[in-house]
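In case you want the letters, here they are:
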Amino acid sequence: MYVIGNTALYLGILISIYSLFANILGIRKKNNRWLESARGGVLSLVLLSSAASFLLLYILGTSQFQYKYVAAYTSENLPMVYKLTAFWAGNAGSLLLWLLLLCLYAGFLVFSKEKKNPMMPYASSILLLNILFFFLVILMSANPFEMSETIPSDGKGLNPMLQHPGMILHPVTLYLGYVGLAVPFAFAIAALMLKRVDAEWIKLTRRWTLVAWLFLTLGNIIGGWWAYLELGWGGYWAWDPVENASFLPWLTVSAFLHSVMIQERKGMLKTWNISLVILSYVLTLFGTFLVRSGILTSVHAFGNGNLGTYFLIFMAFMALLSIYVVMTRYQLIRKETNPIESYFSKESSFLLNNLILVAGAFAVFWGSMYPLISEVITGTKVNVGPPYFNKVMAPIMLGLIVLMAICPLIAWQKATVEKFLKNLIWPLTAGIVTAIVLIAVGVKGIFPIIGLASAVFMFATHIKEFVSGIKARMKATKENAAKASLRLLLKNQRRYGGYIVHIGIAVIAIGVISSTAYPKDVLQTVETGESFKIGQYELTFKGLTEHTENGNGIVAATLDVNHKGERVGEIKPEKIFYETWPEPSSEVAIKTNLTEDLYVVLSSWEDRDKVTLQAKVNPFVSWIWTGGMIMVIGTGISLIGGRTSRAYKLKPGTLKAGV
Amino acid sequence: MDYIFLFLCSIIILTCFYFVAAPFFSKEEVSSDNSIREEVSLESVYRAVNELEMDFLMMKMEEKDYLQLKEQYQLLAANLMKKGHQHTKKKSGFDDSAQAELEIMKELQILRKFGGR
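These numbers were taken from a predicted model, which means no experiment stands behind them.

Here is what the cut-offs are and how they apply
Residues numbered from 1 in each chain as written. Chains lettered and ligands numbered in written order. Predicted model: local features only at pLDDT ≥ 70, side-chain atom pairs only at ≥ 80, totals over all residues. Heavy atoms only, no water. Domains from an automatic or database assignment. Contact = heavy atoms within 4.5 Å. Buried area = accessible area lost by both parts, 1.4 Å probe. Salt bridge = Lys/Arg side-chain N within 4 Å of Asp/Glu carboxyl O. Core = buried A, V, L, I, M, F, W, Y, C linked by side-chain atoms within 4.5 Å. Buried < 20%, exposed > 50% of the residue type's maximum accessible area, 1.4 Å probe, protein only. pLDDT = per-residue confidence, 0-100. Axes fitted to C-alpha atoms, helices over the stretch in contact; angles between N-to-C directions. Helix = DSSP H or I, 4+ residues; strand = E, 2+ residues; numbered from the N terminus. Parallel < 35°, antiparallel > 145°, perpendicular 65-115°, else oblique. Left-handed = near helix turned anticlockwise from the far one by under 90°. Nonpolar A, V, L, I, M, F, W, Y, C, P; charged D, E, K, R; others polar. Patch = residues over 30% accessible without salt bridge, like charges linked within 9 Å, V, L, I, M, F, W, Y side chains within 5 Å. Areas by Shrake-Rupley, 256 points an atom, 1.4 Å probe, with all protein chains shown as cover. Pairing = 2+ DSSP bridges. Lys, Arg positive; Asp, Glu negative; His and termini not counted. Charge placed at Lys NZ, Arg CZ, Asp CG, Glu CD. Phe/Tyr/Trp six-rings, centres within 6.5 Å; stacked < 30°, edge-to-face > 60°.

## A closer look at the domain arrangement of chain A
Residue and element names in this part refer to chain A.
- In terms of domain boundaries, chain A breaks down into domain 1 (1–159) and domain 2 (520–621).
- Of note, the centres of domain 1 and domain 2, computed from C-alpha atoms alone, are 44 Å apart.
- Between domain 1 and domain 2, the contact holds 8 residues from the first and 6 residues from the second.
- In total, domain 1 and domain 2 occlude about 460 Å² of area from one another, counting both sides; carbon and sulfur atoms represent 45% of this.
- In terms of surface lost to domain 2, no three residues of domain 1 exceed Asn77, Lys156 and Asn159, which account for 69% of the buried area on that side.
- Remark: the boundary between domain 1 and domain 2 carries 0 salt bridges.

Written as structure tokens, this is what we have:
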């Protein structure tokens, strides 16, 4: 097995180099056989990375502790699902996962229906460069098939925090997002190399970018859910540097997804779009550099090592290559870019949205890197922490929400203030009424009220857009309301899918604002039979129990829960003492409903009859997960849309058939 | 057991070799495709017309602005399609500009019916 694993990795390097040269020869000699051979090379890389991945899964699943990686991240008594997910628990495995996904993306791309597009050999070469880098790095610095001289009787086991369903989904979805961004990047560079700076590369990569963005969204949401349930912070987002690293490309890709619409329709913002794609891709490498280098303290970091240096070098190389290609084609891009015709139009509002998103990305980047910057300048590492991020990001996010409320009401190209104001009336009224109601029912805090009212304003705008769209369709097609609604969605998936995503964001915003501004928190020591109150809940401690499960010791506190005087059940916050891990881990007990979560952590105990509990009531947290799901559904709808429909298939040669 | 692994390893190596070498021994003609550009330009024009119509029907735009922009786009579509015809007229034997205009209008009708509103 050792032979197969290492052969796959060494052969991967050889074939990546070969395919790169085959592509270059094919392009230079205009010889399609070389290009076909390079494509065969990519298929070989898919085979090799799959073989290596399957092998790693096999040795993990069968607990072959002669392999250092298996011994470092699994143990005999670990449930099978976590033995397998230990694949991405460490550096070596997670790099192999990255490589596998990269090869799969490249494979799908070079065998897609666009395989004969002249840009493909260039794009494939860029992806091959990435693949080559990952094969090299795995072999040089993090080989999962490295063997130890002595075989340990058992492995060290998996970090308890990673023994959670989130571990199955979070890393994979995030990596699918990260890796997916290499595709639009490769096409952007390919388009520049070929001097084809029209919207073709955008059209070709729209779905790839959306897929990458979808996975980044999912990765971030699942990560937040996991942190909320497992880490026991009581929070879903802690502005941890590595969380920020996955949020950064999400922000820039969100900007890109909006600005490409302007290039597609009006041929504007070409340099900006190319810059955003390059920036997003570089930020994915930057995120990986942060995780691998250990330069910043984070719960996600894989520790120190020379991997960070390799990533830094590769990131610098790709950034310089991109800058060089952009600079040498800059005049051409500028020449073919149309200026914005009207300052009051959807185009302008999209540009503003882009500026806010990029400003947000810069603020997050600055805050994440500040410890390093301060250390370089003053010699002391200063961590800025959540207060900085909350202070800076709150107005930026508020600005975005307001813009999302306004933007859909503005027409493309030639909007008029009069029409806009007319359309604005009822969504704005909904927002203002929300603010008045919140104040009337005694909700405190001016900023959270503005935030919540803005979220409702944004929600109302999108509902109005749906209603107006249905009315317009009914008027134009004489369809009934049900048919018009369905057709409106089916025939305009891109637009209404996007609107559904916005609605998801409004729902998330309500959850985030409420849970950040109005949490209740109690740290209470109680004896058996004693009760304490938090919000509208009354918790009664019934006693502490101990038992063993899978070799792990579990201490659980049983609590009776009453809500508004009625018994609603029992909860059991736990501390788990893992056989293979020095520190115990907290298992949070959560009772959730539509408006709030009761969140209880077993902090400590003196004896069986006296425990200290941390109880929280977090309002509207379930809205964050619901909003995330709405976003995923909306993106799914957008992904189906934008296909070249019958009416659009107007290849000159086939035009006559339509007469 | 070692023989099985060596056998599997050989199969992987041979398969990879086959993937990269096969195109050089294939008798099939390999060609490249350049057709996407016209399709992209036309599609973006139709999409823009569709958006305009939607904005107008949803009362976000004045009628005169809508008509003016729509005419601009129709002209652009006509030019693009004519270019396309000139590019392939030898192949298709299609050389009637009046009929091309008619087709543009028909395609725009199809767009309005199926391409979304």
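Having seen it, we continue.
## A closer look at the nonpolar core
Residue and element names in this part refer to chain A.
- Counting residues in each nonpolar core, the largest one holds 184 residues, and the members touching the most others are Phe187 and Trp201.
- Residue-level mapping places this core at the junction of two domains, with at least three residues from each of domain 1 (1–159) and domain 2 (520–621).
- Once residues within four sequence positions are removed from consideration, Trp201 is found in contact with Met119, Pro184, Phe187, Ala188, Ala191, Arg196, Phe256, Gln263, Asn273, Ile274 and Val277.
- Grouped together as the second largest cluster of nonpolar side chains are 21 residues, Tyr537, Leu544, Leu613 and Val617 included.

## Some details on the confidence of the model for chain A
- Put simply, chain A has an average pLDDT of 88, and 94% of its residues get 70 or more.
- The low-confidence segment residues 644–659 of chain A, where pLDDT is below 50, has 39 contacts with residues more than four positions distant or belonging to other chains.

## Points about the packing of helix α5 (residues 91–110) of chain A against helix α7 (residues 165–180) of chain A
All names here are of chain A.
- The geometry of α5 relative to α7 is characterised by a closest axis approach of 9 Å and an angle of 50° between their N-to-C directions. Taken together, the axes of α5 and α7 are oblique relative to one another. The two elements α5 and α7 meet at a crossing, and its hand is right-handed. Residues Ser94, Leu97, Trp98, Leu101, Leu102 and Tyr105 of α5 form the contact with α7, whose own contacting residues are Val172, Tyr175, Leu176, Tyr178, Val179 and Gly180.
- Among the residues making up the contact of α5 with α7, the classes are represented as 10 nonpolar, 2 polar and no charged.

## Comments concerning a nonpolar patch on the surface
- On the surface, a nonpolar cluster with roughly 520 Å² of combined accessible area is contributed by Tyr2, Val3 and Met147 of chain A together with Tyr3 and Leu6 of chain B.
- Among the elements of the structure, α1 (2–29) of chain A together with α1 (2–25) of chain B are those that each provide at least two residues to the nonpolar patch.

## Here we look at the sheet that holds strand β8 (residues 589–592) of chain A
Residues and elements named next belong to chain A.
- Spatially, 4 strands are ordered β1-β10-β9-β8 in an open sheet, and the strand pairing comes out antiparallel. Of all strands in the sheet, those bounded by a partner on one side alone are β1 (520–527) and β8. In this sheet, neighbouring strand axes are inclined to one another by 20° on average, regardless of whether the strands run parallel or antiparallel.
- Two elements, strand β9 (residues 596–607) and strand β10 (residues 610–619), share 10 bridges in a ladder whose sense is antiparallel. Each bridged residue has a counterpart across the sheet, and for Trp605 the counterpart in β10 is Val611.

## Remarks on the pattern of salt bridges
- Enumeration over the complete set of coordinates arrives at 13 salt bridges over all chains.
- Where Arg567 of chain A meets Asp560 of chain A, a salt bridge forms, and the shortest distance between an N and an O atom there is 2.6 Å.
- Asp560 of chain A sits in the buried class, given a relative accessible area of 12%.
- The closest approach of N and O atoms between Lys64 of chain B and Asp65 of chain B, which form a salt bridge, is 3.7 Å.

## A short note on a negative patch on the surface
- On the surface, a cluster of negative charge is made up of Glu527, Glu530, Asp607 and Asp609 of chain A.
- Its place among the elements puts Asp607 of chain A in strand β9.

## Some words on the packing of aromatic side chains
All names here are of chain A.
- What the rule picks out here adds up to 38 aromatic pairs over all chains.
- For the ring pair Phe87 and Trp88, a centre distance of 5.7 Å and an interplane angle of 50° mean the geometry is tilted. In terms of burial, Phe87 and Trp88 fall into one category: buried.
- Arranged with centres 5.6 Å apart and planes meeting at 35°, the rings of Trp98 and Tyr178 form a pair that is tilted.

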